[in-house]
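Commentary on secondary and tertiary structure
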Amino acid sequence: MTRYSKGAILLHWLIAFCLAFELALGFAAPEGARGFALLQLHKSLGITILALSLLRLLWRLTHARPAAPQGGLSHRLAQAVHAGFYLFMVLAPLTGWALASTAPVAVPTILFGLLPLPHLPLPHGFHPAAEEAHELLAWLGIALLVLHLAGALRHELLPGEGVLRRMAPGGRRAAGLVLGLAVPACGLGAFGLLSAMTGDPPP
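Note that this is a predicted model, so its numbers are computed, not measured.

A separate point is empty space enclosed by the protein. Unfilled space is identified by rolling a water-sized probe across the atoms. Within the structure shown, the criterion is met by one cavity of 30 Å³ or more. Lining the largest cavity we find Tyr4, Ser5, Ala8, Arg56, Trp59, Arg60, His63, Ala64 and Arg65. With three residues, helix H2 (residues 36–62) is the single largest residue contributor to the lining of the largest cavity. Of the residues in the lining of the largest cavity, the class split is four nonpolar, two polar and three charged.

Structural data, given as structure tokens:
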């Protein structure tokens, strides 16, 4: 089975772990002074995800990929989810940056406590729109994560495909571990999406 390149695998898992941590920070961080350090970490991770995503997109455009395991509707749905992920991974950090840049109280962003991030030259009146867009994108990210994991699990469980082995860092040996982690992650993502639809805040 043809596997993804080492660079693609590395970027995929770096972005995946950053996204999982980022979404958790975004929903769980307390407001006010208690959450200041976590908010700074959230903003730092967001810019990191933006940089990694642009690098991943460049890598995808310049390196060959394995052939799709299936064609037809399944392949088109997978392509739509992947395109949605790229939009999410770029637009979510950008709207977060816009949110920080237009906040009523100007708070500097110091990436990982080391590098100052300049504010975007946006009017303060843009703040409500940036806030709403950023929140909607967060829920969109959870929905895409559920769809992505469900699709990967479906292909992995179909006879003769073993899609996870193409992206798992250790190939066949790591595919079982990835599968074991993906199942609860998919369940948690579905629970988060259901909470959003019913109006119940996530725990």
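So, on to the confidence of the model for the chain. Reading predicted coordinates in detail is not appropriate for stretches of low pLDDT. Taken as a whole, the chain shows an average pLDDT of 77; of its residues, 70% reach a score of 70 or greater. Of all secondary-structure elements in the chain, the lowest mean pLDDT belongs to helix H6 (residues 172–198), at 48, while strand S2 (residues 115–117) reaches the highest, 91. Between residues 189–203, whose pLDDT stays under 50, and residues either more than four places distant or in other chains, the model counts 13 contacts.

Counted under the stated rule, the structure contains one aromatic pair. With a centroid separation of 6.1 Å and 35 degrees between ring planes, the pair formed by Trp13 and Phe17 is classed as tilted. Of the two residues, Trp13 and Phe17 both sit in helix H1 (residues 6–28), four residues apart, roughly one turn of that helix. A relative accessible area of 57% places Phe17 in the exposed class.

With respect to the helices and strands, His134 occurs in helix H4 (residues 127–157). Among the polar contacts made by the side chain of His134, one reaches the main-chain amide nitrogen of Gly96 at a distance of 3.3 Å. Ignoring anything within four residues of it in the chain, the contact list for His134 reads His42, Ala92, Thr95, Gly96 and Leu99.

A few words on the packing of H1 against H2. If you want to describe how two helices pack, look at the angle between their axes and the distance between the axes. Across the interface, H1 lies against H2 with an axial gap of 9 Å and an inter-helix angle of 155 degrees. On the basis of the axis angle, H1 is roughly antiparallel to H2. You can see that H1 and H2 cross each other, and the crossing is left-handed. Every residue of H2 that contacts H1 at Gly7, Ala8, Leu11, Leu14, Ile15, Cys18, Leu19, Phe21, Glu22, Leu25 and Gly26 is listed here: Leu38, Leu41, His42, Leu45, Gly46, Ile49, Leu52, Ser53, Leu55, Arg56 and Trp59. Taken together, the residues of the contact of H1 with H2 sort by class into 15 nonpolar, five polar and two charged.

So, how was this worked out
- Residues numbered from 1 in each chain as written.
- Predicted model: local features only at pLDDT ≥ 70, side-chain atom pairs only at ≥ 80, totals over all residues.
- Heavy atoms only, no water.
- 1 Å grid on protein atoms, 1.4 Å probe; cavity = no way out; pocket = protein on both sides within 12 Å on 5 of 7 lines; lining within 4 Å.
- Points joined across faces, edges and corners; volume = space filled by probe spheres on them.
- Helix = DSSP H or I, 4+ residues; strand = E, 2+ residues; numbered from the N terminus.
- Nonpolar A, V, L, I, M, F, W, Y, C, P; charged D, E, K, R; others polar.
- pLDDT = per-residue confidence, 0-100.
- Contact = heavy atoms within 4.5 Å.
- Phe/Tyr/Trp six-rings, centres within 6.5 Å; stacked < 30°, edge-to-face > 60°.
- Buried < 20%, exposed > 50% of the residue type's maximum accessible area, 1.4 Å probe, protein only.
- Polar contact = N/O pair within 3.5 Å; in protein donor to acceptor, adjacent residues only side chain to side chain.
- Axes fitted to C-alpha atoms, helices over the stretch in contact; angles between N-to-C directions.
- Parallel < 35°, antiparallel > 145°, perpendicular 65-115°, else oblique.
- Left-handed = near helix turned anticlockwise from the far one by under 90°.

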